[in-house]
Amino acid sequence: MMTRLVAPSMLSADFANLSCDIEMVNKSQADWFHLDIMDGVFVPNISFGFPIVERVKSLATKPLDVHLMIVDPDRYLERFRDAGADWLTVHYEACPHLNRTLSQIKALGMKAGVSVNPHTPVENLIDILEYADMVLIMSVNPGFGGQSFISNSISRIERLRKLIDSKGLSTLIEVDGGVGPGNAKQLYEAGANVLVAGSAVFKTDNPFDAIERIKNA
Ligand SMILES: O=C(CO)[C@@H](O)[C@H](O)COP(=O)(O)O
Ligand SMILES: [Fe+2]
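Criteria and cut-off values
- Residues numbered from 1 in each chain as written.
- Chains lettered and ligands numbered in written order.
- Predicted model: local features only at pLDDT ≥ 70, side-chain atom pairs only at ≥ 80, totals over all residues.
- UniProt positions renumbered as here; feature names shortened; annotations may be inferred.
- Helix = DSSP H or I, 4+ residues; strand = E, 2+ residues; numbered from the N terminus.
- Buried ≥ 20, exposed ≤ 12 C-beta atoms within 10 Å, placed from the backbone.
- Contact = placed C-beta atoms within 7 Å.
- Expected span 1.5 Å × (residues − 1).
- Arc of directions from axis to C-beta.

So, about the UniProt feature "binding site: substrate" (unreviewed entry) in the protein. Under the local residue numbering, the UniProt record ascribes the feature "binding site: substrate" (unreviewed entry) to S9, H67, G143, F144, G145, G146, D176, G177, G178, G198 and S199. By secondary structure assignment, the location of H67 is in strand 3 (residues 64-69). You can call H67 buried: it has 28 C-beta atoms within 10 Å. Not counting the four nearest positions on each side in its chain, H67 is found in contact with H34, L35, D36, I37, T89, S115, L136 and D176. Structurally, the position occupied by G177 is in the loop between strand 7 (172-176) and helix 6 (184-190). G177 gets classed as buried once you count the C-beta atoms within 10 Å, which come to 25. Look past the residues within four positions of G177 in its chain and what remains in contact with it is M138, S139, V140, Q147 and F149.

Structure below.
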């Protein structure tokens, strides 16, 4: 069976009770913490920065999956490593020297991810795939939680899965945006390995159950 991981997105957590939500993820069947960093330039929203990443790291018993939605991420790779990132994902659209950026992330001791916006053909990654530990397919326009899943993301996952398999690589496919118990099965079947879910986890009465249903879809 292919790798199936669930990464709750802390963007939808209650920041006034962050430790409770971290504890919930620790105790749940979730595999990673997904942390969205937005700079108000690459995306039209600002989320949080190093103090929150450090605080989550201090309480988390699972790896931190940090999703950078920022321009010129090269400036901050080391700082995110120091703040506790285990996986660091940059956007294809924000990196003119992607090969260098991914190599740098790995040289700093983290796993390297590359993310594509909904309009970027997954085929554009053909020459960078072997340098990435993970590809993050955005299934909404990045910037906000709680948006609806863009349906052609399924065929994008399928095309990327074929590309990865045809090269004999073990690059993980992560999907982020509008993911929940209702579409998790379809996403895993299309070839996804890691499902990110924000509102589907934190905006429900029973987050444990939501995580379990996504994981075992
Ligand atoms: O990167 C992003 C948004 O840009 C995500 O990680 C969101 O936080 C996912 O939220 P939901 O769509 O699951 O509510
Ligand atoms: Fe994200």
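Here the narrative resumes.
Moving on, we get to helix 5 (residues 153-166). Taking 1.5 Å as the rise per residue, helix 5 with 14 residues should run 20 Å; its terminal C-alpha atoms sit 20 Å apart, in good agreement. All of the buried residues along helix 5 are S153, I154, R156, I157, L160 and I164. The buried residues of helix 5 all sit within an arc of 155° when viewed along its axis, so they share a single face. The outward face of helix 5, more than 90 degrees from its buried face, is lined by the exposed residues S155, K162, D165 and S166. Tucked inside the fold, the buried residues of helix 5 contact strand 6 (134-138), strand 7 and helix 6. Directly beyond the C-terminal end of helix 5, a positive phi value near 65° is found at G168.

According to UniProt, the "active site" (unreviewed entry) feature falls on D36 and D176. Taken along the chain, the residues just named run across 141 residues; in space they keep tight, none of their C-alpha pairs more than 10.5 Å apart. By the secondary structure assignment, D36 is in strand 2 (residues 33-38). According to the C-beta neighbour criterion, D36 is buried, with 24 such atoms within 10 Å. If we ignore the near neighbours within four places in the chain, the residues touching D36 are S9, L11, S47, H67 and M69. Within the element layout of this structure, D176 appears in strand 7. The residues touching D176, leaving out its near neighbours within four places in the chain, are H67, L136, M138, S139 and V196.

So, on to the environment of F48. The topology assignment puts F48 in the loop between strand 2 and helix 2 (50-59). Given 17 C-beta atoms within 10 Å, F48 falls into the partly exposed group. For the pair F48 and N26, spaced 22 residues apart in sequence, the C-alpha to C-alpha distance is 21 Å.

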